[in-house]
Amino acid sequence: MLTAVAIAVDGLGFAAWLFLSSVGLTLIYGVMRILNIAHGGFYALGAYTAAWAVGLYTQTGSTIALTYLIIPLAALVAGVVSGLLVERGILRFMYGRDEVLMVLVTYAIFLILEDVTKLIWGTDSYVSYQPAYWLGTIDVFGLPYTVYKFLIIAVAIAVGAALYVTLNHTRVGKLLLVVIEDREVSKALGINVTLFFTVTFVIGATLGALGGALTAPEISVVPGIGAEIIVMAFAVIVIGGMGSIGGAMLGALIVGFSRAAFVHLYPPAELFSIYLVMAAVLAVKPYGLFALAESRKI
Amino acid sequence: MTTMCRAFLAFFCILLATLPVAGESLRIKAGCLFPLTGPGALYGRDSTVAIKLAQKHLESLEPFGYPQVDVIVEDTRSKSLRSLQIARRLIDEDRVDFLCGVVNSSVARAVSGLARDEEVFFIGTDHASPALTSEDLHPYYFRVNNGTRLSMRAGAKYIRETYGNRSEPVKIAFIGPDYEYGYQAWDDLRRFLQQQGTEFEIAGEYWPKVFETDFSPYIQSLLRTDADIVVNGQWGLDFVTFVKQAAQLGLFDRLQFMNFDAGGNYELLAELENDMPLGLVLSARHHVNWPPTERNRAFVEEFREEAGRYPSYAAQGAYAGILAMAEAVRNAGGTGDKDRIRESLEHLTLSLPEDPDGFRSKMDPVNHQILQVQAIGKTIFNNSFAPAKVMLGDWRIYYPPESWPTFKNGS
């Protein structure tokens, strides 16, 4: 019973983190057909900015409660600034090029962002545990969990719901679906496709930064976290179907629960578990669980 | 001039050219590989400072015939391929007499293989995997920092002394990094416990990846076990992350936490400051507050003056490495005869700051691993070494065996 509870809570917590970190990636792919490896860089920028800002703020001795405002603000600043710079400065000159070329371009951007984080924050680790400590822990069937973990789960659900509503029940969302379906027709209808691309990319980057920023109080922020997350995020969106937000949610849950199950039941195979699940899903559904082979879907 | 005279003159000229000029000291060229950026960079930076201290020490010994060591330090970034490229360049272009350093055991294994192929001495100063001194061992590899095996031997004795009188077996859970170092540490601990007849049960084994940022699922799993002790094999930043997350989830209130190899490193105590819980059983390969000898105090203070901070244990390893090279070359009479240098290294004894009074670190001639004293302590409040607020105290001291311990299967 205790094992099941541990798997359920840890799996949900891990899935929430994965979803927040990968949903921007799948959004950008769904709209722009760019497999954005630089997403790991946005995640790292968000984590570093949040950890640094929280550290700076807590040194003043002011109330910790404000850090819950600082974290999303840090993500917003990191995501919007870096997203705009990357999209306006580099990617807009590449639209329409081969998808493989875009992978190489975004990989190069990722490497640049990795070095940018090192230039700004150095190579030492940043820890900003205060927001996670401040909320304390709660016992779930005798096992202590940080309340902050449940906060991340709540934020992940909120982000997923907000994206679903925006895309399916608002005018902007419907216009976006038109852009996804046919860029040329959209332009002919007077839709500003370039603006949609820019906004989508910035939102995707900000979501990546938010994933990093929210996770920062629970981890040590170190060089290399961007590379770690991009591998996981790709596994998640490949399982769920690239370009599908519902798929990203399902993929995150599958990877999250399988990792938690392996940690608690058979720890030596934990790292292998993610790839095992991905291989198993792709063997049955080569385009992922939610994606159609020939059409774009979001 | 007869042919005989010309030949004699030529021979005399060659002899003059090869002899050192009177007063010119013998010089050694060493290439040291350390991570200077990224995780583990502090160990590299501390090693670099310690190398300077060792060079200064050797300058003072020059009148006694000690050679001076010129050192090239390169940044490995803890990457095997990069380390191999650097090591190859140091051998081929810089023509170093010795390779030295390396923090990560996996990187060290790669560099050690190259040293074997190129027949260049590699003095390991900061990695600890027993594999390098057992299945990977070759005539050109020597290690001058305490190995994990001796740490685990001391740890097994500590567990026996603490829990040996109980009627039921002690339950041990292990969590260590998912690479060769972690597996070797756990394997050695179990074997020493078995060897000394300690009854124990394994309550769980966990292998998070190196540089893991979120240990919480493992901590939850540890909390579900009925273990008496959790033995931890993390080092560096992984240890800091683990302790912070485990403290938050109350692990230290439920289980006795022990880390025998690296957890008591000063750098970690300084990083954790007030977040370091009291009562943890930790050790390291060098302590700034043990042994309480004048030599150790002087080393620690000299380091602090040079670097502006107290040394991590990596500093002691690098310091010992430079002294070991100098001692070996001095005894061998130069860098030309590798067989004599090897013989000298195999019978090396060194007086180091980490040695307690009356003890000298000595090389095991068979396994090429230096044998040193291991001190295990408990975390207690002590703010004498700022920024650390908690230091180790309540020491238990374990002298090394006469020779490198091996197990029945020969490993």
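- Chain B goes by ABC transporter substrate-binding protein in an unreviewed UniProt entry, where it is assigned to Roseibium aggregatum.
- Per UniProt, the comment on chain B under Sequence similarities (unreviewed entry) is "Belongs to the leucine-binding protein family."

- Going by the annotation in an unreviewed UniProt entry, the name recorded for chain A is Branched-chain amino acid ABC transporter permease, with Roseibium aggregatum given as the source organism.
- Chain A has a UniProt comment under Subcellular location (unreviewed entry) that states "Cell membrane".
- Recorded in UniProt for chain A, the comment headed Sequence similarities (unreviewed entry) runs: "Belongs to the binding-protein-dependent transport system permease family. LivHM subfamily."

## Description of the pairing of strand 4 (residues 121-124) of chain B
Residues and elements named next belong to chain B.
Phase 1 of the analysis: Neither face of strand 4 is left uncovered, since the one carrying Phe121 and Ile123 and the one carrying Phe122 and Gly124 both have all their residues buried.
Phase 2 of the analysis: In terms of strand pairing, strand 3 (residues 98-101) meets strand 4 through four bridges, oriented parallel. Within the sheet, the bridge partner assigned to Gly101 lies in strand 4 and is Gly124.
Phase 3 of the analysis: With respect to chirality, the unit in which strand 3 leads through helix 4 (residues 105-118) into the neighbouring parallel strand 4 is right-handed.
Phase 4 of the analysis: Bridge count for strand 4 against strand 5 (residues 141-143) is three bridges, and the pairing is parallel. Bridged to Ile123 within strand 5 is Phe142.

## Remarks on the interface of chain B and chain A
Phase 1 of the analysis: On the side of chain A, 31 residues touch chain B, which itself brings 28 residues to the contact.
Phase 2 of the analysis: For the pair chain B and chain A, the summed buried surface comes to about 2700 Å²; carbon and sulfur atoms form 54% of the total.
Phase 3 of the analysis: Counting the surface chain B buries against chain A, the share from its top three residues, Thr213(B), Arg224(B) and Gln248(B), is 26%.
Phase 4 of the analysis: Where chain B touches chain A, the interface holds two salt bridges.
Phase 5 of the analysis: Two residues, Lys209(B) and Glu228(A), come together in a salt bridge whose shortest N-O distance is 2.8 Å.
Phase 6 of the analysis: Counting only elements with at least two residues in the side of chain B that touches chain A, the list comes to strand 7 (200-206), helix 7 (216-224) and helix 8 (236-248) of chain B.
Phase 7 of the analysis: Broken down by element, the side of chain B that touches chain A gets its largest block of residues, seven residues, from helix 7 of chain B.
Phase 8 of the analysis: Looking at the side of chain B that touches chain A residue by residue, the class counts come to nine nonpolar, nine polar and 10 charged.

## Examining the environment of Arg340(B)
Phase 1 of the analysis: Turning to its location among the elements, Arg340(B) is positioned in helix 13 (residues 338-346).
Phase 2 of the analysis: If near-sequence neighbours (up to four positions away) are discounted, Arg340(B) is found in contact with Asn331(B) and Ala332(B).

## Observations regarding the sheet that holds strand 15 (residues 390-398) of chain B
Residues and elements named next belong to chain B.
Phase 1 of the analysis: If you trace the seven strands from one edge of the open sheet to the other, you get 7-6-8-9-10-14-15, paired in mixed fashion. One side of each edge strand has no neighbouring strand; the edge strands of this open sheet are strand 7 and strand 15. The mean inter-strand angle of the sheet, taken between neighbouring strand axes irrespective of direction, is 25 degrees.
Phase 2 of the analysis: Helix 5 (residues 148-163) rests against strand 6 (170-175), strand 8 (229-232), strand 9 (256-259), strand 10 (281-283), strand 14 (374-381) and strand 15 of the sheet, and its axis sits at about 90 degrees to strand 15.

## A closer look at the packing of helix 6 (residues 147-169) of chain A against helix 7 (residues 171-181) of chain A
Residue and element names in this part refer to chain A.
Phase 1 of the analysis: As a packed pair, helix 6 and helix 7 sit with axes 5 Å apart at the nearest point and diverge in direction by 75 degrees. Looking at the two axes, helix 6 sits roughly perpendicular to helix 7. Where helix 6 approaches helix 7, its residues Thr166, Leu167 and Asn168 are matched on the opposing element by Gly173, Lys174, Leu176 and Leu177.
Phase 2 of the analysis: A class-by-class count of the residues in the contact of helix 6 with helix 7 yields three nonpolar, three polar and one charged.

## Observations concerning the sheet that holds strand 13 (residues 370-371) of chain B
Phase 1 of the analysis: Spatially, 11-12-13 (chain B) is the arrangement adopted by the three strands of the open sheet, whose pairing is antiparallel. Sheet topology places strand 11 (349-350) and strand 13 of chain B at the edges, where each strand pairs with a single neighbour.

## Observations regarding the UniProt feature "transmembrane region" (unreviewed entry) in chain A
Residues and elements named next belong to chain A.
Phase 1 of the analysis: The feature "transmembrane region" (unreviewed entry), as annotated in UniProt, sits at residues 6-29, 41-59, 65-87, 99-121, 147-167, 188-213, 219-240 and 272-293 in this numbering.
Phase 2 of the analysis: Taken end to end, residues 6-29 has its terminal C-alpha atoms 34 Å apart, with 100% of it in helix and 0% in strand.
Phase 3 of the analysis: For residues 65-87, the end-to-end C-alpha separation is 34 Å, with 91% helix and 0% strand making up the annotated structure.

## Comments concerning unusual backbone geometry
Leaving glycine aside, a negative phi is the common case for residues, and trans is the common case for peptide bonds.
All names here are of chain B.
Phase 1 of the analysis: Residue Pro291 follows Trp290 across a cis peptide bond; omega there is -5 degrees.
Phase 2 of the analysis: Relative to the helices and strands, Pro291 resides in the loop between strand 10 and helix 11 (294-307).
Phase 3 of the analysis: That bond from Ala386 to Pro387 is cis: its omega, 10 degrees, falls within 30 degrees of zero.
Phase 4 of the analysis: Assignment of secondary structure puts Pro387 in the loop between strand 14 and strand 15.
Phase 5 of the analysis: Even without being a glycine, Ser78 presents a positive backbone phi close to 60 degrees.

## Some words on the side chain of Asp46(B)
Phase 1 of the analysis: The residue Asp46(B) is located in helix 2 (residues 41-61) in this model.
Phase 2 of the analysis: With relative accessibility at 0%, the residue Asp46(B) sits in the buried group.

## Quick notes on the packing of aromatic side chains
Phase 1 of the analysis: Counted by the stated rule, this structure contains 28 aromatic pairs over all chains.
Phase 2 of the analysis: When the centroid spacing of 5.3 Å and the interplanar angle of 15 degrees are considered together, the rings of Tyr48(A) and Trp121(A) count as stacked. With Tyr48(A) in helix 2 (residues 39-58) and Trp121(A) in helix 4 (residues 99-121), this pair connects stretches of sequence that are 73 residues apart. Summarising the burial analysis for this pair, Tyr48(A) and Trp121(A) share the class buried.
Phase 3 of the analysis: Taking the centre distance of 4.9 Å and the plane angle of 15 degrees together, the rings of Phe174(B) and Trp186(B) count as stacked. With Phe174(B) in strand 6 and Trp186(B) in helix 6 (residues 180-195), this residue pair connects regions lying 12 residues apart in the sequence.
Phase 4 of the analysis: Aromatic rings pair up to connect Phe215(B), Tyr218(B), Phe239(B), Phe242(B), Phe252(B) and Phe257(B) into one cluster.
Phase 5 of the analysis: Taking the ring centre of Tyr313(B) as reference, the NZ or CZ of Arg285(B) above it sits at 4.6 Å.
Phase 6 of the analysis: Over the ring of Tyr140(B) we find Arg342(B), and its NZ or CZ is 4.8 Å from the ring centre.

Calculation criteria
- Residues numbered from 1 in each chain as written.
- Chains lettered and ligands numbered in written order.
- Predicted model: local features only at pLDDT ≥ 70, side-chain atom pairs only at ≥ 80, totals over all residues.
- Heavy atoms only, no water.
- UniProt positions renumbered as here; feature names shortened; annotations may be inferred.
- Buried < 20%, exposed > 50% of the residue type's maximum accessible area, 1.4 Å probe, protein only.
- Helix = DSSP H or I, 4+ residues; strand = E, 2+ residues; numbered from the N terminus.
- Pairing = 2+ DSSP bridges.
- Right-handed = clockwise from strand over helix to strand, strands pointing away.
- Contact = heavy atoms within 4.5 Å.
- Buried area = accessible area lost by both parts, 1.4 Å probe.
- Salt bridge = Lys/Arg side-chain N within 4 Å of Asp/Glu carboxyl O.
- Nonpolar A, V, L, I, M, F, W, Y, C, P; charged D, E, K, R; others polar.
- Axes fitted to C-alpha atoms, helices over the stretch in contact; angles between N-to-C directions.
- Parallel < 35°, antiparallel > 145°, perpendicular 65-115°, else oblique.
- Phe/Tyr/Trp six-rings, centres within 6.5 Å; stacked < 30°, edge-to-face > 60°.
- Lys NZ or Arg CZ within 6 Å of the ring centre and 35° of its normal.

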